[in-house]
Amino acid sequence: YLLWLRTVLANTMDRTYDRNLPVSSLIMSRFVDNISSREEIDQAEYYLYKFRHSPNCWYLRDWTIHGWIRQCLKHGARDKALHTLKNKIQYGIFPDDFTFNLLMDSFIKDADFKSACSVVEEVMLQEAFDLPSTQILSLYALGSYLATRPQLAVSEERALGASLLICGQKQDNTIGLSAQLLGNAFLGKVENLKGIHAVFKGMPLFWGRGYLGRALAIMERVAAASSDVKLSKDTLGYVNDLLHDLPLTSESDSSGEESGGEEDKKENTVDEDDQAEAAKLPEYVKKFKELSSQLESQGKVESTSFQDLVTALAQQNLAAAETPDLEQYESRVQAWEAEKRQLIQREKEMREKKPFRSHEKANNVV
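Remember, predicted model here, so these are calculated numbers, not experimental data. (Residues numbered from 1 in each chain as written. Predicted model: local features only at pLDDT ≥ 70, side-chain atom pairs only at ≥ 80, totals over all residues. Heavy atoms only, no water.)

**Things to note about the nonpolar core**
Stage number 1. In this structure, Met-28, Trp-68, Leu-205, Met-219 and Leu-231 are the most contacted members of the largest nonpolar core, which totals 101 residues.
Stage number 2. The element best represented in this core is helix α11 (residues 174-194), accounting for 10 residues.
Stage number 3. The residues contacting Leu-205, other than those within four sequence positions of it, are Ala-162, Leu-165, Ile-166, Leu-187, Val-199, Phe-200 and Tyr-211.
Stage number 4. Judged by nonpolar contacts, the second largest core, of six residues, contains Trp-63, Phe-98, Tyr-329 and Trp-336. (Core = buried A, V, L, I, M, F, W, Y, C linked by side-chain atoms within 4.5 Å. Buried < 20%, exposed > 50% of the residue type's maximum accessible area, 1.4 Å probe, protein only. Helix = DSSP H or I, 4+ residues; strand = E, 2+ residues; numbered from the N terminus. Contact = heavy atoms within 4.5 Å.)

Following this line, the structure appears as structure tokens:
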């Protein structure tokens with residue numbers, strides 16, 4: 001029956017698109033809901049792309065996006081879920097917090113921290129770190145991936161830096177400040193190598209120069225704080241390595257990445273102000289050493305690694321943070337079902353009202 005239903009739905013969409021008419025969000029929803037195998041994931045991906053590039057593109061329902069991610073997880077197609085998420089403009093996949101968490105948690109459970117961080121990057125781009133559970137999962141993914149000391153291209157350092165910085169700003173504690181420190185340092189390295197435009201292009205980031213200076217400002221803030229907040233020792237070590245790597249990799253395009261088109265070359269041009277900022281590196285290195293010594297003497301260097309800190313955070317707080325998420329999700333599902341019933345009723349009324357052109361009319365209204 002499911003195979004027959006999917007064939008009918010696919011034929012309906014093909015005929016509708018052939019007539020240059022919009023497919024309804026209900027048909028797209030039914031198609032995704034009735035996926036029954038890994039092979040059908042590819043077919044659904046095709047129709048998601050077609051729907052996104054149709055007049056009804058704005059009406060891809062939240063429950064369809066959620067259902068798509070769940071179907072990918074169910075049928076062993078996390079790669080497709082991640083592909084459509086990273087190419088969200090082409091597929092219209094903009095998940096809610098709960099759906100982000102599902103996908104991220106799936107990668108984390110299989111210790112695929114690189115893919116989990118790719119999900120965190122998308123959360124960062126949507127500025128969707130509102131839920132405590134999302135913050136905890138994201139920090140755990142970032143900390144676990146960085147603990148492997150991966151070899152990173154400049155673009156990857158930029159993405160990780162922005163994710164650490166924006167997520168870390170949600171936590172005013174040792175973990176949050178350590179994340180902000182490392183995030184600013186990563187972005188400062190990109191700024192030093194490529195200029196400020198390469199940092200904030202397409203990112204929800206401040207466009208002012210001086211990210212390495214902001215990293216040092218985090219250290220000054222901790223040194224001046226009266227609370228017991230600290231910075232993790234391995235995070236400080238990571239920043240130290242980044243600073244000392246810069247003189248060796250300061251030549252243009254040292255990351256080995258290929259240059260883009262003329263527009264990318266123009267926007268990545270290092271101007272005089274960028275060069276003036278890069279010239280501050282010796283000053284930054286000197287100040288970093290001074291602040292590191294000060295923090296050490298004040299007992300504000302946390303010996304526990306950043307990975308262990310975020311692991312403890314997840315073990316202690318994640319379950320409690322997920323409880324209200326589940327309650328909110330259940331309420332959201334009820335709202336989705338109510339909205340779906342209204343659309344089905346509207347579809348039925350249109351078919352009854354225009355029996356000879358019911359197919360086209362029903363597709364136009366939803």
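**Topic: the packing of aromatic side chains**
Stage number 1. In this structure the tally under the stated criterion is seven aromatic pairs.
Stage number 2. Taking 4.9 Å as the distance between ring centres and 70° as the angle between the ring planes, the aromatic pair formed by Tyr-46 and Tyr-47 counts as edge-to-face.
Stage number 3. In this structure Tyr-46 comes out as partly exposed when scored by relative accessible area, which is 43%.
Stage number 4. Look at Tyr-47 and you get buried, because its relative accessible area is 4%.
Stage number 5. Arranged with centres 5.9 Å apart and planes meeting at 65°, the rings of Tyr-49 and Tyr-91 form a pair that is edge-to-face. With a gap of 42 residues between them, Tyr-49 in helix α3 (residues 38-52) and Tyr-91 in helix α6 (residues 88-91) connect regions that are remote in the sequence.
Stage number 6. Among the residues examined, Tyr-49 registers a relative accessible area of 35% and is labelled partly exposed.
Stage number 7. Looking at Tyr-91, the relative accessible area reads 9%, which means it is buried.
Stage number 8. Among the aromatic residues, those joined into a ring-pair cluster are Phe-31, Tyr-46 and Tyr-47.
Stage number 9. Over the face of the ring belonging to Tyr-17 we find Lys-50, whose NZ or CZ atom lies 4.9 Å from the ring centre.
Stage number 10. The side chain of Arg-214 reaches across the aromatic face of Tyr-211, ending 4.4 Å from its centre. (Phe/Tyr/Trp six-rings, centres within 6.5 Å; stacked < 30°, edge-to-face > 60°. Lys NZ or Arg CZ within 6 Å of the ring centre and 35° of its normal.)

**Focus on the pattern of salt bridges**
Note on pairing: side chains with opposite charge can pair once their charged atoms come close.
Stage number 1. Counted according to the given criterion, the structure contains 22 salt bridges.
Stage number 2. Glu-122 is the salt-bridge partner of Lys-86, the closest N and O atoms lying 3.8 Å from each other. With Lys-86 in helix α5 (residues 78-86) and Glu-122 in helix α8 (residues 113-125), the pair connects residues that are 36 residues apart, well separated along the chain.
Stage number 3. Residues joined in a network through salt bridges with shared partners are Arg-38, Asp-42, Glu-45, Asp-79 and Lys-80. (Salt bridge = Lys/Arg side-chain N within 4 Å of Asp/Glu carboxyl O.)

**With respect to the confidence of the model for the protein**
Stage number 1. Confidence along the protein averages 89 in pLDDT terms, with 89% of residues attaining 70 or more.
Stage number 2. Throughout residues 248-267 the model reports pLDDT below 50, and contacts reaching past four residues in sequence, or to other chains, amount to 17 contacts.
Stage number 3. Confidence drops under a pLDDT of 50 for residues 356-362, and excluding neighbours within four residues, the segment shows 12 contacts in the predicted structure. (pLDDT = per-residue confidence, 0-100.)

**Let's talk about helix α14 (residues 233-245)**
Stage number 1. In a regular helix each residue adds 1.5 Å, so 13 residues correspond to 18 Å; α14 covers 18 Å between its end C-alpha atoms and thus fits that length.
Stage number 2. When α14 is considered as a whole, its buried residues turn out to be Thr-235, Leu-236, Tyr-238, Val-239, Leu-242 and Leu-243. Taken end-on, α14 shows its buried residues confined to a sector of 155°, consistent with a single buried face. (Expected span 1.5 Å × (residues − 1). Arc of directions from axis to C-beta.)

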